[in-house]
Every structure is written in structure tokens, then in C-alpha cells.
Amino acid sequence: MSKANESTLGGPFTFPGTSLTVRRVGYGAMQLAGPGVWGPPKNPEGAVAVLREAVAAGVNHIDTADFYGPHITNQIIRQALHPYPAGLVIVTKLGARRPADGSWQPAISPQELTDGVHDNLRNLSLDALDIVNYRAMGSIHGPKEGSIAEQVTALADLQKKGLIRHVGLSNVTSAQVAEAKSITDIVCVQNNYNLANRQDDALIEELAGQGIAYVPFFPLGGFTPLQSSTLSDVATRLGATPMQVALAWLLHRSPNILLIPGTSSVAHLRENLAAGQLSLTPQTLTELDGIGVDIRA
Ligand SMILES: NC(=O)c1ccc[n+]([C@@H]2O[C@H](COP(=O)([O-])OP(=O)(O)OC[C@H]3O[C@@H](n4cnc5c(N)ncnc54)[C@H](OP(=O)(O)O)[C@@H]3O)[C@@H](O)[C@H]2O)c1
């Protein structure tokens, strides 16, 4: 991809209180593991190619977890990109483990969180992790209130030891963000949000006011890709794809939103990165906003 495209990946964002600046269009690596985020990919060379293409195109924000695979996704990242280019920010998350049956189980004791940091360091071949999100329980659909102080304190201790540079959160409520901030600085929040799932509208504004990044997971709908006649109509009118419009809408939604769309396909990756160049008029944004309103009604 040309330098011209590189500069259009949504522009820069600096995580608050850090020297880490990333382009707003990044990449989520979860789709690189095998089906069900389990085991090796069907096409290992393809997975490596996606990561190399992303970085060559200017992506410098990659989201991962050592429980994807498990371990496999991080090992593919290391194989494809190590030694890592200067400025690449790899964000990982802790809070789950995958037993042999492939299920997702909580791993939230201080010892499990510490082990998780060491798993990430080993599989990514790093001495310290740039940003680690504590992924709170609840469900894939949304967070559940409750104290996360024990887990955030464990991460803050690992930060003091130099194994973690910055702390983020995932699948959390506003009250949990406030609680975590009383323990250590929080640089990003990663929750389920997209054009059709607008539960975090208020939280996004709140975090924007504090300069904290909001990183929607399932930006394209995740395992149930976004489908809407309004989205398709807008895309046709703009000569873009529905997925590009969905991503562009997120970029327009708030300046603290960073994108980590997931794909195992180089063609989809190129399509997603090009969304950073798509400009939406206020009228089109209002039209797209209606999709979330329709679903809430
Ligand atoms: N914190 C959490 O709890 C949590 C949970 C889930 C995910 N995440 C993170 O968020 C990232 C993004 O979420 P996600 O990957 O689950 O969901 P997503 O980005 O909403 O959607 C990924 C799905 O869309 C497809 N896709 C991607 N680009 C496309 C395109 N241009 N056209 C058509 N289909 C396209 C992918 O299939 P193809 O492979 O065929 O392109 C895949 O099935 C993950 O990679 C992961 O890093 C975090």
C-alpha cells in the first residue's frame, strides 16, 4: 500500500499519559487462530501474510490475547513480525483461560493474571507488554457490575515490576472504570460496540472527556456480521462496502475511538484499512445513527 494510504489510517491517537501514538485504524488478531478461536489456522501462511500486510500498510496497533488459540495467535504474531518494527503497539488482554474442551473460563486470580503476563511475554518474545487490558467477566454481550479492584491491583503490581507499561480494561462499566482509575491510570477501554449495538454511547463520551481510548470489539458485528438495508443503501451510494461504512461510522463517532477489525483475509484487511479514507456527511451520519435507534426501539 502506498504512503498516501498509510497516512489515512484515521490519523493519530496518543494513549493518555503515555508516549504511545497509534493510527486509529488498527487490527484485531483474534480471527488468526483456527475455527472457534481454537488451534492453528487453516492457512498459516495466510495468517502471517495478513499481519505483514497490515504493518506494511502502516498499522501500528494490534490487539491480541494469549488465550486466542490458546497461545497460537501470539505465536503467529511473533513469527510474522518479530523483531517488531519501532512504534508497533501490541495490546493484549488477561482474564480468561481455555481448557481442553475449548470453552472460555475466567482466570482472574492474581496468580493467574501473573501467569498470563508471562505467557504473553514468552509467546510474543517481549520483555514488557505495552498495554494490558483486564477483561472483566460478564458475558460477550456486556459487562456486569462488581468490584474489579483485586484484578486491577494485581496488574498495577505487575506494572511496578516493569512487566506491563500501561493498563486498560475490557468489558467494563463506567463504575468499574472509575474504580480502576483510583488504583492506576487507565489508557483504554475495549467493549462490545458497533453501529447496531449502542449500549456504550454514554461511556464513550465520558472516556472521550478524559482522553481515554475506546476500542470497540466486534466493530463489524463479530460472529454475526452487521446486516442492515440502510447500511447497504449508504454503501452503494458511496461506492463502498457495508463493512467500510460501518468502520467509517465508528471513526466519525468519536475521536477517541480506535478500530481493531478482525480478519483472516488480506482482501478484507485492505478493504477495512481503506475505510479510514471514507468521509461521511452529517446527513449520512444521521441516517446511519437511525440503525441503532431502530434496534433499540
Ligand atoms: N475484549 C473482548 O472481549 C473481545 C472479544 C472479541 C474480540 N475482541 C478483539 O476485537 C477484534 C475484533 O473483533 P472480531 O474479529 O471478533 O469481530 P469483527 O471485527 O466485528 O468481525 C470479524 C468478522 O468479520 C469478517 N470480516 C472482516 N472484515 C470483513 C470485510 N471487509 N468484509 C466481510 N467480512 C469481514 C471476518 O471474517 P474474515 O476472516 O473472513 O474476514 C470475521 O468473521 C478481535 O480480533 C479481537 O482482537 C475482543
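Nothing here was measured: the structure is a model prediction, and the numbers come from that model.

Around the ligand, the surrounding shell holds 25 residues, and the nearest of these are Asp-63, Leu-220, Thr-263, Ser-264 and His-268. One of the side-chain nitrogen or oxygen atoms of Ser-170 is found 2.8 Å away from a nitrogen atom of the ligand. Separating an oxygen atom of the ligand from a side-chain N or O atom of Ser-264 is a distance of 2.8 Å. Expressed as a share of its isolated accessible area of 900 Å², the protein-covered part of the ligand is 87%. The pocket occupied by the ligand, as judged from atoms lying within 2 Å of grid points, is the largest pocket. The leading source of residues in the shell around the ligand is helix α10 (residues 266-274), at three residues. Of the residues in the shell around the ligand, the class split is 10 nonpolar, 11 polar and four charged.

With that settled, the discussion passes to the sheet that holds strand β5 (residues 89-94). Reading across the sheet, the seven strands line up as β3-β4-β5-β8-β9-β10-β11 and stay open at both edges, with parallel pairing between neighbours. Single-partner strands in this sheet number two, and they are β3 (27-28) and β11 (213-214). Bridge count for β5 against strand β8 (residues 129-135) is four bridges, and the pairing is parallel. Across the sheet, residue Lys-93 finds its bridge partner in β8, namely Asn-133.

A separate point is the nonpolar core. Residues Tyr-27, Leu-51, Ile-62, Ile-77, Leu-169, Val-189 and Leu-288 are the most contacted members of the largest nonpolar core, which totals 74 residues. With seven residues, the single largest contributor to this core is helix α9 (residues 242-253). Once residues within four sequence positions are removed from consideration, Leu-51 is found in contact with Tyr-27, Leu-32, Ile-62, Ile-76, Ile-77, Ala-80 and Leu-81. Listed in part, the 13 residues of the second largest apolar core include Phe-13, Phe-15, Val-89 and Cys-188.

Per-residue pLDDT for the chain has a mean of 95; in total, 96% of the residues score no lower than 70. Low pLDDT, under 50, characterises residues 1-6; the stretch is placed with eight contacts to residues that sit more than four places away or in other chains.

With 13 residues, helix α2 (residues 44-56) should reach 18 Å at 1.5 Å per residue; the first-to-last C-alpha distance of 19 Å fits that figure. Three or more residues of α2 are buried, namely Gly-46, Ala-47, Val-48, Val-50, Leu-51, Glu-53 and Ala-54. Following α2 by one or two positions, Gly-58 has its phi on the positive side, about 110°.

For a regular strand, side chains alternate in direction, first toward one face of the sheet and then toward the other. For β8, the tally of buried residues reaches seven of seven residues, placing the bulk of the element in the interior. Taken together, the six bridges between β8 and strand β9 (residues 164-170) define a ladder with parallel strand orientation. Residue Val-132 lies in a different strand from β9, and its bridge partner there is Val-167.

The next thing to look at is helix α8 (residues 229-238). Side chains three or four residues apart in an α-helix point the same way, a direct result of the helix having 3.6 residues per turn. Here α8 has its buried residues at Leu-231, Val-234 and Ala-235. Taken down its axis, α8 places every buried residue within 100° of arc, on the same side. Exposed residues pointing more than 90 degrees away from the buried face of α8 are listed as Ser-229, Thr-236 and Arg-237. The N-cap of α8, judged by a side-chain oxygen 3.2 Å from the amide nitrogen of Thr-230 a few residues on, is Ser-228. In the segment just after α8, Gly-239 is the residue with positive phi, at about 70°.

There is about 850 Å³ of room inside the largest pocket. Elements with a contribution of two residues or more to the lining of the largest pocket: β7 (105-106) and α10. At three residues, α10 tops the list of elements feeding residues into the lining of the largest pocket. In terms of residue class, the lining of the largest pocket is made up of 19 nonpolar, 16 polar and four charged.

Now for the packing of α8 against α9. The interhelical angle for the contact between α8 and α9, taken along N-to-C directions, is 100°, at an axis separation of 8 Å. On the basis of their axis angle, the class for α8 and α9 is roughly perpendicular. Contacts between α8 and α9 pair Leu-231, Ser-232, Val-234, Ala-235 and Leu-238 from the former with Pro-242, Val-245 and Ala-246 from the latter. Across the contact of α8 with α9, the residue classes break down as seven nonpolar, one polar and no charged.

By the element assignment, Asn-133 lies in strand β8. Separated by 37 residues in sequence, Asn-133 and Ser-170 place their C-alpha atoms 6.0 Å apart. With residues near it in sequence (within four places) discarded, Asn-133 still touches Asp-63, Val-91, Thr-92, Lys-93, Leu-94, Leu-155, Gly-168, Leu-169, Ser-170, Cys-188 and Gln-190. Polar contacts involving the side chain of Asn-133 include one to the main-chain amide nitrogen of Leu-169, which spans 3.4 Å.

Reading the values: the criteria
Residues numbered from 1 in each chain as written. Predicted model: local features only at pLDDT ≥ 70, side-chain atom pairs only at ≥ 80, totals over all residues. Heavy atoms only, no water. Near = heavy atom within 4 Å. Polar contact = N/O pair within 3.5 Å; in protein donor to acceptor, adjacent residues only side chain to side chain. Areas by Shrake-Rupley, 256 points an atom, 1.4 Å probe, with all protein chains shown as cover. 1 Å grid on protein atoms, 1.4 Å probe; cavity = no way out; pocket = protein on both sides within 12 Å on 5 of 7 lines; lining within 4 Å. Sits in = over half its atoms within 2 Å of the grid points. Helix = DSSP H or I, 4+ residues; strand = E, 2+ residues; numbered from the N terminus. Nonpolar A, V, L, I, M, F, W, Y, C, P; charged D, E, K, R; others polar. Pairing = 2+ DSSP bridges. Core = buried A, V, L, I, M, F, W, Y, C linked by side-chain atoms within 4.5 Å. Buried < 20%, exposed > 50% of the residue type's maximum accessible area, 1.4 Å probe, protein only. Contact = heavy atoms within 4.5 Å. pLDDT = per-residue confidence, 0-100. Expected span 1.5 Å × (residues − 1). Arc of directions from axis to C-beta. Points joined across faces, edges and corners; volume = space filled by probe spheres on them. Axes fitted to C-alpha atoms, helices over the stretch in contact; angles between N-to-C directions. Parallel < 35°, antiparallel > 145°, perpendicular 65-115°, else oblique.

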